[in-house]
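Listed below, chain by chain, are the residues.
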Amino acid sequence: MTMAQRKRRLVSDELTEAALQLLARKGFDAVTVDEIVVAAGVSKRTFFRYFASKEDVVVQFLADMGTGIRAELATRPAAEPPSVALLRAVWVPLGECADHGDRALRVVRLILRTPALLARFLERQAQWRDDLAQEVAQRLGLDAGADFYPRMAAGMALNAFDAVLHRWSTGDGAESPAALLDQAFEVIAPALDAGTTARSEQP
């Protein structure tokens, strides 16, 4: 990382942290961009160089999760069952949430409890599903446009991810995200693996 990149990351992190503290204390709708820049000690112009809106300050924390999921799936061994490969892939962003502890918990709660943020997050998840379906199709030699399996498998994996976020955030972060994800995938693993088994048995 260059010096300029380090500086950008530092300013972005300071803005994000200032915004999260204000939003957690006052609520999303009550906080203005002006308050965020004052708390972070930067100008409004600087704020808009990094973020398009106050929604983006929060959602940016989770913005690259979809890329991480797809990238991890691409590295999984070809012989690994779909349920295992997708579990390991979805764990990447959840592991980051676990590593960031209280900060991640504040972000997830804000997103899930604020309609404007949740709408933005769901928009991003829709793109993740499309990208993940493409990766599943490539991994299995399927056509993402013609075969049902890639899109449905991607949808199931992301539904499991979403369910874990809800459970983890409502439980004050006390439960292990890894254990919750294992539980969620126990529910969907039979369907994920049966889909590919059935295809391999076709004449």
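Up top is the structure these notes are about.
Conventions and cut-offs
Residues numbered from 1 in each chain as written. Predicted model: local features only at pLDDT ≥ 70, side-chain atom pairs only at ≥ 80, totals over all residues. Heavy atoms only, no water. Helix = DSSP H or I, 4+ residues; strand = E, 2+ residues; numbered from the N terminus. Buried < 20%, exposed > 50% of the residue type's maximum accessible area, 1.4 Å probe, protein only. Areas by Shrake-Rupley, 256 points an atom, 1.4 Å probe, with all protein chains shown as cover. Lys, Arg positive; Asp, Glu negative; His and termini not counted. Charge placed at Lys NZ, Arg CZ, Asp CG, Glu CD. Salt bridge = Lys/Arg side-chain N within 4 Å of Asp/Glu carboxyl O. 1 Å grid on protein atoms, 1.4 Å probe; cavity = no way out; pocket = protein on both sides within 12 Å on 5 of 7 lines; lining within 4 Å. Points joined across faces, edges and corners; volume = space filled by probe spheres on them. Nonpolar A, V, L, I, M, F, W, Y, C, P; charged D, E, K, R; others polar. Patch = residues over 30% accessible without salt bridge, like charges linked within 9 Å, V, L, I, M, F, W, Y side chains within 5 Å. Core = buried A, V, L, I, M, F, W, Y, C linked by side-chain atoms within 4.5 Å. Contact = heavy atoms within 4.5 Å. Expected span 1.5 Å × (residues − 1). Phe/Tyr/Trp six-rings, centres within 6.5 Å; stacked < 30°, edge-to-face > 60°. Lys NZ or Arg CZ within 6 Å of the ring centre and 35° of its normal.

Participant: Please clarify how the overall build of the protein should be interpreted in this entry.
Facilitator: For the protein, the count of helices and strands is 10 helices and 0 strands. Along the protein, from the amino end to the carboxyl end, the secondary structure elements read α-α-α-α-α-α-α-α-α-α. Across its three principal directions, the C-alpha atoms of the protein cover 65 × 35 × 25 Å. Going through the 203 residues of the protein one by one, you find that 42% of them count as buried. For the protein, the computed accessible surface area is about 10,700 Å², with 52% contributed by carbon and sulfur atoms. Across the protein, the mean location of the 24 positive side-chain charges is 8 Å away from that of the 27 negative side-chain charges.

Participant: Whenever I open this one, the pattern of salt bridges confuses me. Can you help?
Facilitator: A pair can form between side chains of opposite charge whenever their charged atoms are brought close. Tallied over the full model, the rule gives 10 salt bridges. A salt bridge links Lys44 to Asp34; the shortest N-O distance between them is 3.2 Å. One end of the pair, Lys44, is in helix H3 (residues 44-50); the other, Asp34, is in helix H2 (residues 33-40), and 10 residues separate them in sequence. In this structure Lys44 comes out as partly exposed when scored by relative accessible area, which is 39%. One connected set of salt bridges, linked through shared partners, spans Arg70, Asp131 and Glu135.

Participant: Would you explain empty space enclosed by the protein in this entry?
Facilitator: For the structure on display, the rule yields 1 cavity of 30 Å³ or more. Roughly 40 Å³ of volume is contained in the largest cavity. Elements supplying a minimum of two residues to the lining of the largest cavity: helix H6 (82-100) and helix H8 (115-140). With 3 residues, the top contributor of residues to the lining of the largest cavity is H8. Residues of the lining of the largest cavity, tallied by class, amount to 6 nonpolar, no polar and 1 charged.

Participant: Any chance you could explain a positive patch on the surface here in plain terms?
Facilitator: A cluster of basic residues, Lys7, Arg8, Arg45 and Arg49, forms a positive patch at the surface. Tracing the backbone through its elements, the reader meets Arg49 in helix H3.

Participant: Can you help me understand the nonpolar core in this one?
Facilitator: Within soluble globular proteins, side chains that are nonpolar tend to cluster in buried spots. Judged by nonpolar contacts, the single largest core of 59 residues is most densely connected at Phe47, Val58, Leu86, Val90, Leu132, Phe161 and Phe185. The element best represented in this core is helix H9 (residues 148-170), accounting for 10 residues. Not counting residues within four places of it along the chain, the set of residues in contact with Phe47 comprises Leu15, Val33, Ile36, Val37, Ser53, Lys54 and Val57.

Participant: Before we go on, may I ask you to explain H8 in this structure?
Facilitator: Every α-helical turn comprises 3.6 residues, leaving residues that sit three or four positions apart pointing alike. The end-to-end C-alpha distance of H8, which contains 26 residues, comes to 37 Å, matching closely the 38 Å that a straight helix rising 1.5 Å per residue would cover. Among the residues making up H8, those that are buried are Leu117, Phe121, Gln125, Trp128, Leu132, Ala133, Glu135, Val136 and Ala137. Lining the buried residues of H8 we find helix H4 (54-59), helix H5 (65-75), H6, helix H7 (102-113) and H9.

Participant: Can you walk me through the packing of aromatic side chains in this structure?
Facilitator: Aromatic ring pairs are described here by two measures, namely the spacing of the ring centres and the angle between the planes. Counted according to the given criterion, the structure contains 4 aromatic pairs. Ring centres of Phe47 and Phe51 lie 5.8 Å apart, and the angle between their planes is 45°; on these two criteria the pair is classed as tilted. Looking at Phe47, the relative accessible area reads 0%, which means it is buried. Look at Phe51 and you get buried, because its relative accessible area is 3%. Linked through ring pairs, Phe47, Phe48 and Phe51 together constitute an aromatic cluster. Just above the ring of Phe28 sits the side chain of Lys54; from NZ or CZ to the centre is 4.4 Å.

Participant: Explanation requested: the environment of Val42 in the structure shown.
Facilitator: Of note, Val42 is situated in the loop between H2 and H3. Taking the relative accessible area as the measure of exposure, Val42 reaches 23% and is therefore partly exposed. Note: C-alpha distance between Val42 and Leu94 (52 residues apart in sequence) is 31 Å. With residues up to four places along the chain from it excluded, the contact list for Val42 reads Leu15 and Val37.

Interpretation in functional terms is not warranted from these geometric data alone.
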